[in-house]
Amino acid sequence: MKRGLQSVGVGVAVVASVLLSSTSAQAAAISGKGKAYYGCTNTVKVWRTGKTVYANAKQVCTHKMSAQRPSIALSGNNGKTFASKIAGCRKSKSCSTPTVKVKATKKWTYRASNSGTGSFISQNGSDSWWPVNSVAHATYKYK
């Protein structure tokens, strides 16, 4: 019985060390949020796992939108690497972009932004220019 408990203890220690080593390369996510515009808020998140930097964006509204178009743009070292995507959702309150990724390079700064827009149902689907302060930004520095 004692040997069985010892082997269980060793197994738990091995699993714990594997989990710790696999998460040690992951950096905490940095989030940014734009100013709300007619009840809609753009958010962005950027993080690094291993040798890759990831980012995604989301737009959340307090009311249904005719169309939502969040966009994600991720650049590294002032545009030396760049990735972007846009999403589109109809008649919804929340819409997220796919995740984009670029190769991580030490000492580079990575910037992500979400300049998403949307069409208000009450305006019969027409768009107007959304203010610059509604754009969400997040910056990650790989040390």
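Residues numbered from 1 in each chain as written. Predicted model: local features only at pLDDT ≥ 70, side-chain atom pairs only at ≥ 80, totals over all residues. Heavy atoms only, no water.

**A short note on a positive patch on the surface**
Then, in step 1: Taken together, Lys64, Arg90, Lys91 and Lys93 make up a surface patch of like positive charges.
Then, in step 2: Of all the elements, strand 6 (residues 89-96) adds the most residues to the positive patch, at 3 residues.
Then, in step 3: Note on placement: Lys93 falls in strand 6.
Then, in step 4: We classify Lys93 as partly exposed; its relative accessible area is 44%. (Patch = residues over 30% accessible without salt bridge, like charges linked within 9 Å, V, L, I, M, F, W, Y side chains within 5 Å. Areas by Shrake-Rupley, 256 points an atom, 1.4 Å probe, with all protein chains shown as cover. Salt bridge = Lys/Arg side-chain N within 4 Å of Asp/Glu carboxyl O. Lys, Arg positive; Asp, Glu negative; His and termini not counted. Charge placed at Lys NZ, Arg CZ, Asp CG, Glu CD. Helix = DSSP H or I, 4+ residues; strand = E, 2+ residues; numbered from the N terminus. Buried < 20%, exposed > 50% of the residue type's maximum accessible area, 1.4 Å probe, protein only.)

**Concerning the packing of aromatic side chains**
Then, in step 1: Tallied over the entire structure, the rule returns 4 aromatic pairs.
Then, in step 2: Ring geometry for Trp108 and Tyr110: centres 6.2 Å apart, planes at 40°, overall tilted. Judged on exposure class, the residue Trp108 and its partner Tyr110 are both buried.
Then, in step 3: Directly above the ring of Trp47 sits Lys45, whose terminal nitrogen or CZ lies 5.1 Å from the centroid. (Phe/Tyr/Trp six-rings, centres within 6.5 Å; stacked < 30°, edge-to-face > 60°. Lys NZ or Arg CZ within 6 Å of the ring centre and 35° of its normal.)

**A look at the state of the cysteines**
Then, in step 1: Scanning all chains against the criterion turns up 2 disulfides.
Then, in step 2: At a sulfur-sulfur separation of 2.1 Å, the disulfide partner of Cys40 is Cys61. Taking the sign of the torsion about the S-S bond as the criterion, the disulfide between Cys40 and Cys61, at about 115°, is right-handed. Note that Cys40 is positioned in strand 2 (residues 40-49) and Cys61 in strand 3 (residues 52-69), a separation of 21 residues in sequence.
Then, in step 3: A relative accessible area of 1% places Cys40 in the buried class.
Then, in step 4: Note on Cys61: relative accessible area 6%, which makes it buried.
Then, in step 5: Here Cys89 pairs with Cys95 through a disulfide, and the sulfurs are 2.1 Å apart. Across the S-S bond of Cys89 and Cys95 the torsion is about 70°, and the bridge reads as right-handed.
Then, in step 6: Within the chain, bonded cysteines paired by disulfides and numbered along the sequence follow the pattern 1-2, 3-4. (Disulfide = S-S within 2.5 Å.)

**Quick look at the sheet that holds strand 5 (residues 81-86)**
Then, in step 1: Pairing is antiparallel in the open sheet, where 4 strands are placed in the order 5-4-8-10. Each edge of the sheet is formed by a strand with only one pairing partner; in this case those strands are strand 5 and strand 10 (136-141). With direction set aside, neighbouring strand axes in the sheet form an average angle of 10°. (Pairing = 2+ DSSP bridges. Axes fitted to C-alpha atoms, helices over the stretch in contact; angles between N-to-C directions.)

**Focus: the environment of Ser113**
Then, in step 1: For Ser113, the position within the fold is in strand 8 (residues 109-114).
Then, in step 2: Remark: the alpha-carbon pair of Ser113 and Ser84, spanning 29 residues in sequence, is separated by 9.5 Å.
Then, in step 3: Each residue touching Ser113, except ones within four places of it in the same chain, is listed here: Val44, Ser71, Ile72, Ala73, Val135, Ala136 and His137. (Contact = heavy atoms within 4.5 Å.)

**Describing the nonpolar core**
As a rule of thumb, nonpolar side chains are buried together in soluble globular proteins.
Then, in step 1: If you look at the biggest cluster of nonpolar residues, it comprises 19 residues, and the most contacted ones within it are Val46, Val53, Ala55, Ile72, Leu74, Tyr110 and Ala112.
Then, in step 2: If you list the elements that add at least two residues to this core, you get strand 2, strand 3, strand 4 (71-76), strand 7 (100-103), strand 8 and strand 10.
Then, in step 3: In terms of nonpolar packing, the next biggest core, distinct from the first, is built from 6 residues, Cys40, Cys61, Met65 and Trp130 among them. (Core = buried A, V, L, I, M, F, W, Y, C linked by side-chain atoms within 4.5 Å.)

**Comments concerning the pairing of strand 10**
Then, in step 1: Residues Ala136, Ala138 and Tyr140 line the buried face of strand 10, whereas the alternating positions His137, Thr139 and Lys141 sit on a face that is not buried.
Then, in step 2: In the sheet, strand 8 pairs with strand 10 via 6 bridges, with the strands oriented antiparallel. Across the sheet, residue Ser113 finds its bridge partner in strand 10, namely His137.

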